[in-house]
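Structural characterization, general
Read off the chains here:
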Amino acid sequence: MIKGGYVYIMTNKSKTVLYTGVTNDLCRRVFEHQTHINPDSFTSKYKCHNCVYFEEFTDITKAIAREKAIKQLSREKKNALINGVNPEWKELATPKGIVNNREPWAEQVKRVIEEITQEIKKQ
């Protein structure tokens, strides 16, 4: 049986550093980053404690492929990715759980279409 996974982006307090990772347990992994379980790691060195983006996958191999794709993006495109679902860069996951339930992609698209339709009707 193939297990699922998450690809996620962590940032520091000033939002100047981004770290992209993959895990099968997002909240545990955030805890490990926040408690510096590996003091020599990138996230420990640059104090990347806030999970501001994640995607969930039913297949860990797809999460790994997505992580590789995100790592290839420019900083500008990573920022746009985060801004698309979390424009305020709020913390989305903590060791205690996912704290900010994001609107599913299909719902976002539906909402945007409705907003545009309403704007057209007003004109």
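The structure reproduced in this document is the subject of the present report. (Residues numbered from 1 in each chain as written. Predicted model: local features only at pLDDT ≥ 70, side-chain atom pairs only at ≥ 80, totals over all residues. Heavy atoms only, no water.)

1. Quick look at the pattern of salt bridges
Quick reminder of the rule: Here a salt bridge means any side-chain nitrogen of Lys or Arg lying within 4 Å of a carboxyl oxygen belonging to Asp or Glu. By the criteria applied, helices consist of DSSP H or I runs no shorter than four residues and strands consist of E runs no shorter than two, each listed in order from the N terminus.
Applying the stated rule across the entire model yields six salt bridges. The closest approach of N and O atoms between Asp25 and Arg28, which form a salt bridge, is 4.0 Å. Across the pair Glu32 and Arg29 runs a salt bridge whose closest N-O atoms are separated by 2.8 Å. Linking Glu32 with Arg29, this pair stays in helix H1 (residues 26-34), spanning three residues, or about one helical turn. Taken together, the salt bridges that share partners define one network made up of Asp25, Arg28, Arg29 and Glu32.

2. Considering the pairing of strand E3 (residues 50-57)
To be explicit about the condition: Exposure is judged per residue with a 1.4 Å probe applied to protein chains only, and the accessible area is read against the type maximum: over 50% gives exposed, under 20% gives buried, and values in between give partly exposed. When DSSP finds at least two bridges between two strands, those strands are taken to pair.
Counting buried residues along E3, six of its eight residues qualify, which places the element largely inside the surrounding structure. With seven bridges joining them, strand E1 (residues 5-11) and E3 adopt antiparallel strand pairing. Across the sheet, residue Gly5 finds its bridge partner in E3, namely Phe57.

3. A few points about the environment of Asn83
Operational definition: Think of a polar contact as two N or O atoms within 3.5 Å of one another; within protein, one of them needs to be a possible hydrogen donor and the other a possible acceptor, and neighboring residues in sequence only count if both atoms come from side chains.
Summarising the element assignment, Asn83 is placed in helix H4 (residues 75-85). Overall, Asn83 belongs to the partly exposed group, its relative accessible area being 36%. On a C-alpha basis, the gap between Asn83 and Val52 in space is 9.4 Å, while along the polypeptide they are 31 residues apart. Side-chain polar atoms of Asn83 contact the side chain of Trp89, separated by 2.6 Å.

4. Side note on the side chain of Ser41
Turning to its location among the elements, Ser41 is positioned in the loop between H1 and helix H2 (42-45). From its side chain, Ser41 meets the backbone oxygen of Asn38 in a polar contact 2.9 Å long.

5. Here's the deal with the pairing of strand E2 (residues 18-23)
Two strands pair when backbone bridges link them, and E1 and E2 are joined in this way by six bridges, in the antiparallel orientation. Across the sheet, Tyr8 pairs through a bridge with Gly21, a residue of E2. Two successive antiparallel strands, E1 and E2, enclose a turn made up of six residues, where Lys15 displays a positive phi of approximately 60 degrees.

6. Some words on the packing of aromatic side chains
Test applied: Stacked, edge-to-face and tilted labels apply to pairs of Phe, Tyr and Trp rings (six-membered ring for Trp) whose centres lie within 6.5 Å, assigned for plane angles under 30 degrees, over 60, and everything in between, in that order.
In this structure the tally under the stated criterion is four aromatic pairs. Judged by centre distance (6.1 Å) and plane angle (65 degrees), the rings of Tyr6 and Phe54 are edge-to-face. A residue pair is termed long-range when its members are at least 10 positions apart, and Tyr6 in strand E1 and Phe54 in strand E3 qualify at 48 residues. Connected via pairs of aromatic rings, a cluster forms that spans Tyr8, Tyr19, Phe42 and Tyr46.

7. A few points about the side chain of Thr11
Where we set the bar: By the convention used here, residues are in contact when the closest approach between their heavy atoms is within 4.5 Å.
Inspection of the secondary structure puts Thr11 in strand E1. One polar contact links the side chain of Thr11 to the main-chain carbonyl oxygen of Val17, over a distance of 2.7 Å. Excluding residues that lie within four positions of it along the chain, Thr11 makes contacts with Thr16, Val17, Leu18, Lys47, Cys48, His49, Asn50, Val52 and Trp89.

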